[in-house]
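# Breakdown of the fold
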Amino acid sequence: MPAHRITVALNTNQSLRCPLLLPSPSPSPSPESSSTTPVSISYHALVVKAAQTKLRLKRPARSCRVFVVGTGRELKEGDGGDEGWEAALGNDLVVCVSGGEEYVGLKREGEGRGDGGDGGTGMGQPNPNCTTSILAHTAFVDALSLTQLATTARTLPGLIHAVAQPDLHPGTKYPIGAVFVSKAWIHPPLIGGDIGCGMAWYQTSLSRNAVDGEKGERWDAALGTIGAGNHFAEVQVVEAAAVGAGEDGSAGLTEDDVVLLVHSGSQGYGGDVLRRYTADGTVSLHESDPKAVAYMDEHERACAWARANRELITLRFLACLEPGEEAWDLGRNGEDGGYVASQETVRAARARVRGRRVVEIWHNNVEHALWPPHPPPDHKTLRSTSSTEALAPTLEAAPPSSPDFTTSSAQYPIYIQRKGAAPTYSPQTSLPLSLLPLPGSRATPTLILRPTLSAATGWGASNALSLAHGAGRSMSRAKALSSLSQKYHKDPTTMLQPASISQSKKHIERVEGVEVQGGT
Ligand SMILES: Nc1nc2c(ncn2[C@@H]2O[C@H](COP(=O)(O)O)[C@@H](O)[C@H]2O)c(=O)[nH]1
Ligand SMILES: [Mn+2]
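Cut-offs and rules
- Residues numbered from 1 in each chain as written.
- Chains lettered and ligands numbered in written order.
- Predicted model: local features only at pLDDT ≥ 70, side-chain atom pairs only at ≥ 80, totals over all residues.
- Heavy atoms only, no water.
- UniProt positions renumbered as here; feature names shortened; annotations may be inferred.
- Pairing = 2+ DSSP bridges.
- Helix = DSSP H or I, 4+ residues; strand = E, 2+ residues; numbered from the N terminus.
- Axes fitted to C-alpha atoms, helices over the stretch in contact; angles between N-to-C directions.
- Near = heavy atom within 4 Å.
- Polar contact = N/O pair within 3.5 Å; in protein donor to acceptor, adjacent residues only side chain to side chain.
- Areas by Shrake-Rupley, 256 points an atom, 1.4 Å probe, with all protein chains shown as cover.
- Nonpolar A, V, L, I, M, F, W, Y, C, P; charged D, E, K, R; others polar.
- pLDDT = per-residue confidence, 0-100.
- Contact = heavy atoms within 4.5 Å.
- Donors = N, O, S within 2.8 Å, 3.2 Å for Na, K, Ca; no water.
- Buried < 20%, exposed > 50% of the residue type's maximum accessible area, 1.4 Å probe, protein only.
- Core = buried A, V, L, I, M, F, W, Y, C linked by side-chain atoms within 4.5 Å.
- Expected span 1.5 Å × (residues − 1).
- Arc of directions from axis to C-beta.
- Phe/Tyr/Trp six-rings, centres within 6.5 Å; stacked < 30°, edge-to-face > 60°.
- Lys NZ or Arg CZ within 6 Å of the ring centre and 35° of its normal.
- Parallel < 35°, antiparallel > 145°, perpendicular 65-115°, else oblique.

Looking at an unreviewed UniProt entry, one finds the chain named 3'-phosphate/5'-hydroxy nucleic acid ligase and attributed to Cryomyces minteri. The record in UniProt for the chain states the following under Catalytic activity (unreviewed entry): "a 3'-end 3'-phospho-ribonucleotide-RNA + a 5'-end dephospho-ribonucleoside-RNA + GTP = a ribonucleotidyl-ribonucleotide-RNA + GMP + diphosphate".

### A word on the sheet that holds strand β12 (residues 232–237)
Strands sit in the order β12-β13-β11-β15 across an open sheet of four strands; the sheet is antiparallel. The outermost strands of the open sheet, each flanked by one partner alone, are β12 and β15 (357–362). Strand-to-strand twist in this sheet, taken as the mean axis angle between neighbours without regard to direction, amounts to 15°. Two elements, strand β11 (residues 198–203) and strand β13 (residues 258–264), share six bridges in a ladder whose sense is antiparallel. Opposite Trp 201, over in β13, you have Leu 261 as the bridge partner.

### Here we look at the site of ligand 1
Around ligand 1 there are 16 residues in total, and Glu 234, Pro 439, Gly 440, His 469 and Ala 471 lie nearest to it. Between ligand 1 and Thr 446, the relevant distance is 3.3 Å, taken from a nitrogen atom to a side-chain nitrogen or oxygen of the residue. Calculation on ligand 1 without its partners gives an accessible area of 520 Å², and the protein chains cover 88% of this total. Counted by class, the shell around ligand 1 contains four nonpolar, nine polar and three charged residues.

### Quick word on the confidence of the model for the chain
The predicted model of the chain averages 78 in pLDDT, with 73% of residues at 70 or higher. Residue range residues 110–124 is modelled with pLDDT below 50. Its contacts to residues more than four positions away, or to other chains, number 31 contacts. Two summary scores accompany this predicted model of the complex, namely pTM at 0.69 and ipTM at 0.96.

### Considering the coordination of the manganese ion (ligand 2)
Taken together, the protein donors to the manganese ion (ligand 2) comprise Cys 197 (SG), His 263 (NE2) and His 363 (NE2), at separations of 2.2 to 2.4 Å. Counting gaps between the donor residues of the manganese ion (ligand 2) yields the pattern C-x65-H-x99-H. Residue His 263 is located in strand β13, and its partner His 363 is located in the loop between β15 and β16 (364–371); the two are separated by 100 residues in the primary sequence. His 363 carries the same exposure label as His 263, and that label is buried.

### Let's talk about the nonpolar core
Core analysis: the largest hydrophobic core is formed by 23 residues, its most contacted members being Ile 6, Val 8, Leu 22, Val 47, Val 66, Val 95 and Val 97. Of all the secondary-structure elements, those providing two or more residues to this core are β1 (3–10), β2 (17–23), α1 (43–53), β3 (65–68), α2 (85–88) and β6 (94–98). Filtering out sequence-adjacent residues up to four positions away, Val 47 remains in contact with Ile 6, Val 8, Leu 20, Leu 22, Val 66, Trp 85, Val 95 and Val 97. If you look at the next biggest cluster of nonpolar residues, it comprises 20 residues, including Trp 201, Val 238, Ala 422 and Leu 467.

### Points about helix α6 (residues 267–278)
The end-to-end C-alpha separation of α6 is 17 Å, in line with the 16 Å expected for 12 residues at 1.5 Å each. Those residues of α6 that sit buried are Gly 270, Gly 271, Val 273, Leu 274, Tyr 277 and Thr 278. The buried residues of α6 all sit within an arc of 155° when viewed along its axis, so they share a single face. For α6, the exposed residues set more than 90 degrees away from the buried face come down to Gly 268 and Arg 275.

### Points about the packing of aromatic side chains
Centre distance and the angle of the planes are the two values used to describe a pair of aromatic rings. A complete count under the given rule lists three aromatic pairs for this structure. Ring geometry for Tyr 269 and Trp 305: centres 6.3 Å apart, planes at 80°, overall edge-to-face. With Tyr 269 in helix α6 and Trp 305 in helix α7 (residues 290–321), the pair connects residues that are 36 residues apart, well separated along the chain. Note on Tyr 269: relative accessible area 25%, which makes it partly exposed. When its relative accessible area of 36% is taken as the criterion, Trp 305 is described as partly exposed. With a centroid separation of 5.4 Å and 75° between ring planes, the pair formed by Tyr 277 and Tyr 295 is classed as edge-to-face. With Tyr 277 in helix α6 and Tyr 295 in helix α7, the pair connects residues that are 18 residues apart, well separated along the chain. Like Tyr 277, the residue Tyr 295 is buried in the burial classification. The ring of Tyr 412 carries the charged tip of Lys 183 above its face, separated from the ring centre by 4.4 Å.

### Some thoughts on the UniProt feature "binding site: GMP" (unreviewed entry) in the chain
Following the UniProt record, the feature "binding site: GMP" (unreviewed entry) maps to Asn 230, His 231, Phe 232, Ala 233 and Glu 234 here. By the element assignment, Asn 230 lies in the loop between α5 (208–211) and β12. Asn 230 gets classed as partly exposed once you look at its relative accessible area, which sits at 45%. With respect to the helices, strands and loops of the structure, His 231 is situated in the loop between α5 and β12. Ignoring anything within four residues of it in the chain, the contact list for His 231 reads Asp 194, Cys 197, Ile 226, His 263, Ser 264 and Gly 265.

### Digging into helix α3 (residues 143–155)
Along its 13 residues, α3 runs 18 Å from first to last C-alpha, staying within 8% of the 18 Å computed at 1.5 Å per residue. Where α3 is concerned, the buried positions are Ser 145, Gln 148, Leu 149, Thr 152, Ala 153 and Thr 155. The distance from a side-chain oxygen at the start of α3 to the backbone nitrogen of Leu 144 is 2.9 Å, and the residue carrying that oxygen is Asp 142.

### Observations concerning the packing of α6 against α7
Orientation of α6 relative to α7, taken along the N-to-C sense of each, is 170°, at an axis distance of 9 Å. The orientation of α6 relative to α7 falls into the category roughly antiparallel. Together, Gln 267, Tyr 269, Gly 270, Val 273, Arg 276 and Tyr 277 of α6 and Lys 291, Ala 294, Tyr 295, Glu 298, Arg 301, Ala 302, Trp 305 and Asn 309 of α7 make up the contact between the two elements. Split by residue class, the contact of α6 with α7 holds seven nonpolar, three polar and four charged.

### Brief notes about unusual backbone geometry
The step from Trp 371 to Pro 372 runs through a cis peptide bond, and the omega angle for that step is -10°. Phi at Asp 256 is positive, roughly 80°, even though this residue is not glycine. By the secondary structure assignment, Asp 256 is in the loop between β12 and β13. Backbone geometry at Ser 430 places phi at a positive 60°, although glycine is not the residue there. With relative accessibility at 54%, the residue Ser 430 sits in the exposed group.

This is the structure we're talking about:
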């Protein structure tokens, strides 16, 4: 009996596929035939079985659905036998199996076999209408990151809007400095392994005289676990005049304030979450999939862990910066390394730290929100009339964004996936942030951004309710490591001196360029 060689893929990750041989349909028995009742073959069952065993689809067969890749036509298992299978069968047929959710991709009229009109990738173009906003108008952007942005926007299921922040730069597969808005789908790799990484500004009670000239050696022994990469905790002096108000009713930042900027993430924890949810090649999780619910739960924990770690780092800094202050006792390095504080003590210390918080945000996370954004209730008060040169431009100075966003009254739930992008709303209060940091580098200043929201940007739709989170990078980590280690080969300690990293105008322009474009 000739067989048909077909390909079975997963609906949620159509690059995960396996071949399958299906027997030809049995000819109808003729009245003269001596054969007994023909053996009925359920193609549906065979295909679902292949997805379960070879592609590790962990859904019960009864909830699985099969679609023709390219057209999205569903091949059902009917009461009287398989429906439509015989007509669809043929060598090179590509089908995908879903755990119950709808077909991922654009349904086309007409039947097709083989490559489904997508050049044989089987990926189709799920989102030909996904809009993109490139907010980097003058800042340098590596072309690869734009390709990564466009490919991601086109091919991952459910994406409706993608934003390149001015600090966009290439990641391994997905870009950094990017925001992706999706409907019904969550894509853990877009957030990456450092789930919950973010920035927090805390007030200290120090005067600028107390810190001017200090280089840090005195405090090094007491630092918390900040993590590798770009993470840091930096004592800063505010040069600009007073700006807006901080979160939780704090006074915001005032000239000469000495503040601590903490940038840290979830370290090994978030990486482990990402690995566990993507080890089988999964990129996309439909919100109805229990795996998506479980991922969101672990993602929340990783975010909470990262925020708690920023609080702990701050506590340890404050213990050194403000000696004699009893509230920071827990942050002191005790003689006895085995000291374990009670939960009550930890809770009390964290509450005291929060009293110093100016702003605290995640820049690697997924947020469940409503789309399109509506004006905040008190939007008229958001337009600050006072501005200083050091602040982000007001809304009116922002470049017009494309595509054109208009506020529609009907909102629907979406997910905002941020990889290296700061939010414009506070995760704590769900109100618009009045200020947040745009860190430069050890050699260039951190800028204070003031998000502005207005109808011109669809109340934040064009920038996906997000801003640049850093200065970006003009060379990959690997390239920077090799070229800088050559440059500082003879005396690597000079790399730790703020002024020696780079005073080049190029670097300074870099962060300012990002700021000018990031203030929407
Ligand atoms: N003020 C400082 N800013 C710094 C330092 N090192 C890096 N950076 C900035 O932080 C972001 C972080 O980006 P991420 O993608 O790693 O989260 C980066 O873009 C730089 O602008 C520093 O020592 N001090
Ligand atoms: Mn980060």
